[in-house]
Amino acid sequence: MGSMVYSNNTVADQESGSLEDDVYMPMMAYSVGTLDQRGAEPSHLSKSRTTSSVHKSAMTTQSTFGQQSFLENTTSSMNDSSNQNNHDHPNIDDLMSSSKLKICLCPPDAELPGFDRNEFTLLQLLHFPRELARQLTLIDHELFRDITTADVLKRVSEGSHKKRKKGEDDFERTTVELFSDRFNQLSSWVVASLIKEESDQNTADMFIQFIETAKQCLELRNYNAVMAIGVGALCSAPVRRLRKAIPDLIPKKYLDQLHIMEVLMDSRENHKKYRESLKICPSPAVPYFGVYLKDLIYISEGNPDYLNGGMVNLGKRRLLYAVLHQIRRFQVKSYNFEQVPEIQEYLLNTERYTDEELHRMSRKLDTSSRHTISEGSREVSMSVSGVSIV
């Protein structure tokens, strides 16, 4: 488990009397409120609940979700324990009224049973889609939180046709561009990993696990990774071509799951379904930044800076501010997952491929042993970074 971090929030004040030592109550405080986490990963102290009454006046501590603390769920079992060992332990009323009671905001353990962190293959890593999604989300959200208003407005001022200059170093990139680069790196890595795999069975297995990873990213509200993996990679032309070679190796239920994510992130009707989902999405989350840029550039280029008579167009400024405020809403809170440096280093150092390189790699499938497409077949070109955010 990660290091123990203690909050200094006092649960209850008492005019006189306290325990001799600080009492630390561990609490699994998730910054992502998915239902499966709440049900599948409770604190180890909450496993033996009873139906005893609870003194709710002392239960005001909340986790980073704004949910009630696990203390309400565990008070009953602690009461039972104190009754059995009345002389050895403080009773629950004393405990809850102690001014020195502190809460441990511990991240959940990484879910990697039997996984060798120091030596692993991609296929081995993919068999832990939940943890892979967590590490992807930690990386993406850190880059997202680094994005500044100044860099956003700079990118907007450059218009809708900004291209990366050849030979431009990363240290010259703005925070918006670095986030975009990460999106394209993730998407191209998924495509290349599938194309380079020679075994049909392994390719199908990887395809399924990438779908599972994208689904877990959606559970964690990482729309950026859902777009990069589910749409930018798995629905790209090179991968669609590859899928024709292994149609019977991918169960329909996984293709249905992919279709659901594809529909959610569909750009038709101005990303209607995605916008509806994001509107009710709690923080933290990692939005697909391309929609924000599209809105900001549209507002910037579609409205004059000054009105007739030289007055500043405050309406335009309000529209820009409204979008910037939406971005900021998802930057305040952070995810509380255990960092796995070995996996993050692996993900951050994957080889980057251009659209041209991926296209050439995909063309090689035509003459491979799979014979996925005949030489005379018409190919529909679709850039993997066609959903790029800059």
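Coordinates for the structure precede this section.
Let us look at the structure shown here. (Residues numbered from 1 in each chain as written. Predicted model: local features only at pLDDT ≥ 70, side-chain atom pairs only at ≥ 80, totals over all residues. Heavy atoms only, no water.)

As for the overall build of the protein chain
Next up, step 1: Of regular secondary structure, the protein chain possesses 16 helices and three strands.
Next up, step 2: Within the protein chain, the fraction of its 390 residues that count as buried is 48%.
Next up, step 3: In the protein chain, 78% of the contacts between residues at least 6 apart in sequence involve partners at least 24 apart.
Next up, step 4: Accessible surface computed for the protein chain: about 20,500 Å², of which carbon and sulfur atoms make up 49%. (Helix = DSSP H or I, 4+ residues; strand = E, 2+ residues; numbered from the N terminus. Buried < 20%, exposed > 50% of the residue type's maximum accessible area, 1.4 Å probe, protein only. Contact = heavy atoms within 4.5 Å. Areas by Shrake-Rupley, 256 points an atom, 1.4 Å probe, with all protein chains shown as cover.)

Considering the pattern of salt bridges
Next up, step 1: Inspection of every chain in the model, using the stated rule, returns 14 salt bridges.
Next up, step 2: Residue Arg134 is joined to Glu111 by a salt bridge in which the shortest nitrogen-to-oxygen separation is 3.6 Å. Of this pair, Arg134 sits in helix H5 (residues 129–146) while Glu111 sits in the loop between strand S3 (101–106) and helix H4 (122–126); the two residues are 23 residues apart in sequence, bridging distant segments of the chain.
Next up, step 3: On the basis of relative accessible area, Arg134 is assigned to the buried category, the value being 1%.
Next up, step 4: Assessed through its relative accessible area of 29%, Glu111 is described here as partly exposed.
Next up, step 5: The shortest N-O distance in the salt bridge between Arg173 and Glu177 comes to 3.9 Å.
Next up, step 6: Given a relative accessible area of 8%, Arg173 falls into the buried group.
Next up, step 7: Through salt bridges that share partners, Glu111, Arg130, Glu131 and Arg134 make up one connected network. (Salt bridge = Lys/Arg side-chain N within 4 Å of Asp/Glu carboxyl O.)

Examining the side chain of Gln216
Next up, step 1: Within the element layout of this structure, Gln216 appears in helix H8 (residues 200–219).
Next up, step 2: On the basis of relative accessibility, which here comes to 14%, the residue Gln216 falls in the buried class.
Next up, step 3: Sequence-distant contacts of Gln216, that is, excluding residues within four places in its chain, are made with Pro129, Arg130 and Ala133.

Here we look at helix H12 (residues 268–279)
Next up, step 1: Its 12 residues place the ends of H12 17 Å apart at the C-alpha level, agreeing with the 16 Å of an ideal helix rising 1.5 Å per residue.
Next up, step 2: All buried positions along H12 are accounted for by His271, Tyr274 and Leu278. The buried side chains of H12 occupy one side of the element, clustering within an arc of 55° when seen end-on. Opposite its buried face, H12 presents the exposed residues Arg268, Glu269 and Lys279, each directed more than 90 degrees away. (Expected span 1.5 Å × (residues − 1). Arc of directions from axis to C-beta.)

A closer look at unusual backbone geometry
Next up, step 1: In the segment running from Ser283 into Pro284, the intervening peptide bond is cis, with an omega of 5°.
Next up, step 2: With respect to the helices, strands and loops of the structure, Pro284 is situated in the loop between H12 and helix H13 (289–302).
Next up, step 3: In this structure, His271 is a non-glycine residue whose phi angle is positive, near 55°.
Next up, step 4: With respect to the helices and strands, the residue His271 is situated in helix H12.

As for the packing of helix H7 (residues 175–196) against H8
The description of two packed helices rests on the angle between their axes and on the distance between the axes.
Next up, step 1: In the contact formed by H7 and H8, the axes pass within 9 Å of each other and the chain directions differ by 160°. Comparing the axis directions of H7 and H8 gives the class roughly antiparallel. Along its contact with H7, which presents Trp189, Val190, Ser193 and Leu194, the element H8 presents Thr203, Met206, Phe207 and Phe210. (Axes fitted to C-alpha atoms, helices over the stretch in contact; angles between N-to-C directions. Parallel < 35°, antiparallel > 145°, perpendicular 65-115°, else oblique.)

Description of the packing of H7 against helix H9 (residues 223–233)
Next up, step 1: Their axes nearest at 9 Å, the elements H7 and H9 cross at an angle of 40°. Accordingly, the angle class assigned to the pair H7 and H9 is oblique. Handedness of the H7/H9 crossing: right-handed. Along the contact surface, H7 presents Phe179, Phe183, Leu186, Ser187, Val190 and Val191, while H9 presents Asn224, Ala225, Met227, Ala228, Ile229, Gly232 and Ala233.
Next up, step 2: Residues that form the contact of H7 with H9 fall into these classes: 10 nonpolar, three polar and no charged. (Left-handed = near helix turned anticlockwise from the far one by under 90°. Nonpolar A, V, L, I, M, F, W, Y, C, P; charged D, E, K, R; others polar.)

Let's talk about a nonpolar patch on the surface
Next up, step 1: A surface patch of nonpolar side chains, amounting to about 300 Å² of accessible area, comprises Tyr306, Val312 and Leu314.
Next up, step 2: On the secondary structure map, Tyr306 appears in the loop between H13 and helix H14 (314–329). (Patch = residues over 30% accessible without salt bridge, like charges linked within 9 Å, V, L, I, M, F, W, Y side chains within 5 Å.)

A few points about the side chain of Lys316
Next up, step 1: Along the polypeptide, Lys316 turns up in helix H14.
Next up, step 2: For Lys316, a relative accessible area of 4% gives the class buried.
Next up, step 3: For Lys316, the contacting residues outside a window of four places in its chain are Ile299, Ser300, Asn303, Pro304 and Asp305.

Here's the deal with the nonpolar core
Next up, step 1: Judged by nonpolar contacts, the single largest core of 81 residues is most densely connected at Val190, Leu194, Phe210, Leu234, Met265 and Phe289.
Next up, step 2: Here the element with the most residues in this core is H7; it accounts for 10 residues.
Next up, step 3: Other than its neighbours up to four places away in sequence, Leu194 contacts Thr203, Met206, Phe207, Phe210, Leu234, Val239 and Leu242. (Core = buried A, V, L, I, M, F, W, Y, C linked by side-chain atoms within 4.5 Å.)

Quick look at the environment of Gly290
Next up, step 1: Topologically, Gly290 is positioned in helix H13.
Next up, step 2: Looking at Gly290, the relative accessible area reads 14%, which means it is buried.
Next up, step 3: Sequence separation between Gly290 and Asn224 is 66 residues, and the spatial gap between their C-alpha atoms is 9.0 Å.

Overview of the packing of aromatic side chains
Next up, step 1: Inspection of every chain in the model, using the stated rule, returns 12 aromatic pairs.
Next up, step 2: Ring centres of Phe115 and Phe120 lie 5.0 Å apart, and the angle between their planes is 40°; this geometry places the pair in the tilted category.
Next up, step 3: Arranged with centres 6.0 Å apart and planes meeting at 80°, the rings of Phe179 and Phe289 form a pair that is edge-to-face. Within this pair, whereas Phe179 is found in helix H7, its partner Phe289 is found in helix H13, the two being separated by 110 residues in sequence. Comparing Phe179 with Phe289 shows no difference in burial state: the two are buried.
Next up, step 4: An aromatic cluster is defined as three or more aromatic residues linked by ring pairs; in this entry it consists of Phe115, Phe120, Phe128, Trp189, Phe210 and Tyr346. (Phe/Tyr/Trp six-rings, centres within 6.5 Å; stacked < 30°, edge-to-face > 60°.)

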